[in-house]
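# Structure at a glance
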Amino acid sequence: MIEQENGVFPAVCPLDCPDTCGLLLHKENGKIVKVTGNPDHPITQGAICNKVRNMTERVYHPDRVLYPMKRTGPKGEGRFERITWDEAVTEITQRFRDIIAEHGSEAILPYSFYGNMGILSVDGMDRRFLNALGTSRLDQTICNSAGGAGWKYTMGFGGGTTPEDTEYADLILVWGGNIISTNMHQVVIAERARKRGAKVVVIDVHRNRTGQWADWFIPLYPGTDTALALGMMHILFRDGLTDNDFMAKYTVGHEELREHVKAYTPARVSQITGIPEEDIEKLARMYGEAEAAYIHIGNGLQHHDNGGMNIRSIACLPALTGHWLKQGGGAAKSNGGYNAMNSEALERPDLRPNPEARSINMNRIGEALAMTEQPIKALLVYCSNPLVVAPDTARVQAGFAREDLFTVVHDLFMTDTAKYADILLPATSSFESTDLFGSYWHQYVQIQEPVIPAQGESKSNVELFSLLGRAMGFDEEAFSQTEEQMIEAALDYPDNPYLNGVTLESLKEQRFVKLDMTPKQHYLDRLPTPSGKIELYSEAMKQAGLPPLPEYVPLKEGYDGERRPAAGESFPLMFISPPNHNFLNSTFANVEKHQKLEKEPVLQIHPEDAAARGITDGDPVCVYNERGQYELKAVVTDKMLPGTVVSQGLWWAKDGRRQRANALTPDRLADMGGGATFFSTTVEVKRQ
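Okay, so let's go over this structure. Each chain has its residues counted from 1, following the order in which its sequence is written. At least 70 in pLDDT is required for a residue's local features to be given in this predicted model, at least 80 for side-chain atom pairs to be given and counted, and no such filter applies to totals for whole chains, interfaces and linings, which use all residues. Only heavy atoms go into the side-chain values, all of them from the structure, while hydrogens and water stay out.

This part takes up helix α15 (residues 307-321). For each residue, the accessible area found with a 1.4 Å probe, counting protein chains only, is set against the maximum for its type, and the residue is called buried under 20%, exposed over 50%, and partly exposed in between. Helical segments are the DSSP runs of H or I of at least four residues, strand segments are the runs of E of at least two, and each set is numbered from the N terminus. Summarising burial for α15: 15 of the 15 residues are buried, a large majority. Where α15 terminates, the next one or two residues include G322, which has phi positive at roughly 75°.

Put into C-alpha cells, the structure is as follows:
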C-alpha cells in the first residue's frame, strides 16, 4: 500500500474510542487526501466522526515533529535543536545506564496511555523494553480502572451485552455517557431500536448532546448514581418487579440485598440525587416492566471518589430483573474482555530482572515526581500528554520542571509535555505503521498496515523500543521480532476461546474478523467470580474493606442533595470536565480546524449560580480552588442542576492563559482500582 501512489486503502481508526471504526484512506500522488468510513465494516458501516474525518489535518500538520531533537533552553520553553537518531539513542541509553548504576533501574518510570490504541504500540514492544530495563511499573488507571473493578466484583468478566443485540432492547438507559460524542455507532443502533418502539433514557449530570437526543433526560447531582440505582432496586423489590427465578439460579446475595435497599426509599433517594420522587418511581417501573432493558454505562460516573461503587451498583440491576436472558437486555461497561490476547507473549515479563518492582499510579505522577526517597530520575513518555491529561496540573508541572529529571518524549507534536523533554523523538501516525486493533465495544479484530511512508524520520513505538532494546544489549530475539510475528504471538491464545478463527492470515484477507461469540451463550452458567454467579453480595469486597452490598458513600470532595455547601464555604460548586465533541482528551486540541469547531473553552454555569456571582453570559471568568485556576468564558445555561459547573474538553496552554481544566482536579484515588477522581472537584467562580 505504501508503494501505490493512488488508490483507496483500508485502515483502522486508532483513537481511544469504543467504536474502532473501519476506514478507507484515499491517496493521490502518494498523499492521503481524504478519510472516509469503510461501508463494509459490519458495525461502523461507513459512518465516521468529524475527528477522524479530518485526520489528514493531524497527519500532515505543519507543526508535526519530524526529527529527533535535544533541548537547548530551560524546561518548558520548547527550545530544541535537531540531532540524529544515533545521537538520540546514544544519549538515552547512556543516561539510562548511568541512572541505573547510581540509583537502580526503578528510578526510571514510563508514562503512557492509549493515545494510539494499537496493541503492538502500547501493550507490546514497549512493555518488552520496560521489562528488560527493569523500570518501575506504571499503574494505568486514569480512565476505566475504578469502573472495571466495580464491574468485576459483580460480574467477574469484562464483557456484557454486545452492540448488535442492543437493537432488540425496548428500553435503553444511557447512564453517564455522552455517546453522541464518544460512541456514535451505539447511537445508530439505538435509533434502530427506537424504530422498533424502544425508549431512550439518559441519566447524567449534564444535558449534553446525548441528553438532548434522549426521549427523557434525568439530571442528578454528581456522584449520586449509586443512590439512584439503590432507589430503583427498592422499588423493584417493593413492587414485585424482580425475576426471582433468575436471581435464585444466577446470583448470590439477593435476599441480603432485598433487606438492604429498604433504607433507600424514593424520598431519601430524591433528597440525595435531586431527582423528583415521581421520576424515580417512573424510571424504576419503566425498567422493571420492560421486556428487554439495556443499560449502557458511560465513563464519567466512575471518575468520582465513589466511582467503583457507582458502576458496581448499576451492574446489579439486570440481575434483579433477569434482563440478561432477554435479547438486547443486560448491560455493558466494556466488552474488552472478549478480545483478550496473549499478553505474556507480547510483553515478555520473563525479561524482567526485578519482578517485584514497585508500581506507581499514573494519577499520582505529580506526587511521584516529588518523592525524595527512591526518587524518579528519568521519565519515558509516549502516547500521552500528562501536562494536560493528568490531575493536579501544577504539581505535575513542578515535577516535569526538575532539572535533575531526564525526560524522553516520543510524540507527533510539541505538546505541553514535550516542551519539558530533554530528548524529543518523532512518532509515526498509525497510518504509517503495522498494528493490531481490538475494540472495547464491538467484537471485531482489525489489522492496520502502513498506507504512507513514515513522515520525516519518525518511528513507530515498535521501531523505537526495538531500537532501544538492541542498543541496550537486551535479548536479540525479543527485540528483533517483526510486527507480523508479534501479531501471530498475540493471537495464539487458547485460554481465550473468543479468539478462535482470528489469525494473521484471516486479518490480512478480510481486514476485520469477528470473534467467535459462541462461548457467550453459556457464560452466565459459570462466571469468573468467587461464587461463579453474579455477586449482589461480594465477600471479596468485604475482605478488601469495602461494603459487600451496594451502598451509597458520599464524595470526599463534593456535595449531594443532603449535603449542600455550608454558608461561607470556600468552594461551593461541583466542577465537571467531560469530553467535548471535537477533541479526544488532548488529541486534536492543537489542530486549527478542531479548535475552530470548538471555538474556545467555556464554563457552563446555572442561572442561579451566575446571578449570585454577578456573572452574565459571555463574561470572562476564573474558576479556582486551592490547587489552581482556569480562565475561560461563561455560558449561562440550565443544562445541569444548580451547584454544578461544566467545562467540556481538554485544551493546551496557549498565549500564557491558564486554560488547563486539570489545574483544578485532585489526584486522590477512587474507592476501587486506583482510579481517577477528576469529577469529585469543588471550585468557586468569579468574574474577571
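After that view of the structure, there is still more to cover.
Right, let's get into the state of the cysteines. The disulfide definition used here is simple: a pair of cysteine sulfur atoms within 2.5 Å. A complete count under the given rule lists 0 disulfides for this structure. For the unlinked cysteine C17, the closest cysteine sulfur is that of C21, found at 6.1 Å.

As a further point, take the packing of helix α5 (residues 125-133) against helix α20 (residues 461-471). Helix-helix packing is described using two parameters, namely the angle between the two axes and the distance between the axes. Relative orientation of the contacting elements α5 and α20 amounts to 25°, with a least axis distance of 8 Å. The pairing of α5 with α20 is recorded here as roughly parallel in orientation. Like other packed secondary-structure pairs, α5 and α20 cross with a definite hand, here left-handed. Residues M125, D126 and F129 of α5 touch α20, and the partners they reach there are V462, F465, S466, L468 and G469. Amino acid classes used here: Ala, Val, Leu, Ile, Met, Phe, Trp, Tyr, Cys and Pro are nonpolar; Asp, Glu, Lys and Arg are charged; the rest, including Gly, are polar. Looking at the contact of α5 with α20 residue by residue, the classes come out as 5 nonpolar, 2 polar and 1 charged. Helix axes are fitted to C-alpha atoms over the stretch in contact, other axes to C-alpha atoms as well, and angles between N-to-C directions run from 0 to 180 degrees. Comment on the angle field: the value is read as roughly parallel under 35 degrees, roughly antiparallel over 145, roughly perpendicular from 65 to 115, and oblique elsewhere. Here is the rule for handedness: rotate from the far helix to the near one, and if that takes an anticlockwise turn smaller than a right angle the crossing is left-handed, while a clockwise turn gives right-handed. Contacts: residue pairs with any heavy atoms within 4.5 Å of one another.

For the rest of this paragraph, the subject is the nonpolar core. If you look at the biggest cluster of nonpolar residues, it comprises 191 residues, and the most contacted ones within it are F129 and W175. The element that contributes the greatest number of residues to this core is helix α10 (residues 225-238), accounting for 9 residues. Beyond its immediate chain neighbours, meaning those up to four positions away, W175 contacts I203, D225, L228, A229, M232, I295, H296, I297, G298, L301, I314 and L317. Nonpolar cores are built from buried Ala, Val, Leu, Ile, Met, Phe, Trp, Tyr and Cys residues. Side-chain atoms within 4.5 Å join them into one set.

Topologically, T242 is positioned in the loop between α10 and α11 (244-250). By relative accessible area, T242 is classed as buried at 15%. As a C-alpha pair, T242 and L317 span 75 residues in sequence and 9.6 Å in three-dimensional space. Discounting chain neighbours no more than four positions away, the residues touching T242 are L236, F237, M247 and L320. Counted as a polar contact is a pair of N or O atoms within 3.5 Å, where, for protein atoms, one must be capable of donating a hydrogen and the other of accepting one, and residues adjacent in sequence contribute only when both atoms are in side chains. Among the polar contacts made by the side chain of T242, one reaches the side chain of N244 at a distance of 3.1 Å.

To continue, consider helix α19 (residues 393-400). Of the residues making up α19, those classed as buried are T393, V396, G399 and F400. End-on, the buried residues of α19 take up no more than an arc of 125°, which puts them together on one face. Tucked inside the fold, the buried residues of α19 contact α17 (365-369), β15 (378-382), α18 (386-389) and β16 (406-411). The arc under discussion is defined with respect to the helix axis, by the directions toward the C-beta atoms.

Looking now at the sheet that holds strand β6 (residues 108-112). Paired strands, as defined in this entry, are two strands with at least two bridges between them according to DSSP. Ordered in space as β5-β4-β17-β16-β15-β6, the 6 strands form an open sheet in which the pairing is mixed. Each edge of the sheet is formed by a strand with only one pairing partner; in this case those strands are β5 (80-82) and β6. Adjacent strand axes in the sheet meet at a mean angle of 20°, parallel and antiparallel pairs treated alike. Two elements, β16 and strand β17 (residues 423-426), share 4 bridges in a ladder whose sense is parallel. Paired with V409 across the strands is L424, a residue of β17. In this fold α5 packs onto β6 and β15, with an angle of close to 170° to the strand it touches most, β15.

Another point: the sheet that holds strand β20 (residues 512-514). As summarised here, the arrangement of the 3 strands in space is β18-β19-β20, forming an open sheet in which the pairing is antiparallel. Of all strands in the sheet, those bounded by a partner on one side alone are β18 (435-437) and β20. With strand direction ignored, the average angle separating the axes of adjacent strands in the sheet is 20°. As judged from the 3 bridges shared by β18 and strand β19 (residues 444-448), these two strands associate in the antiparallel manner. When the bridges of β19 are listed, F437 appears paired with Q446.

Note that every value here comes from positions in space, so none of it alone points to a role or purpose.
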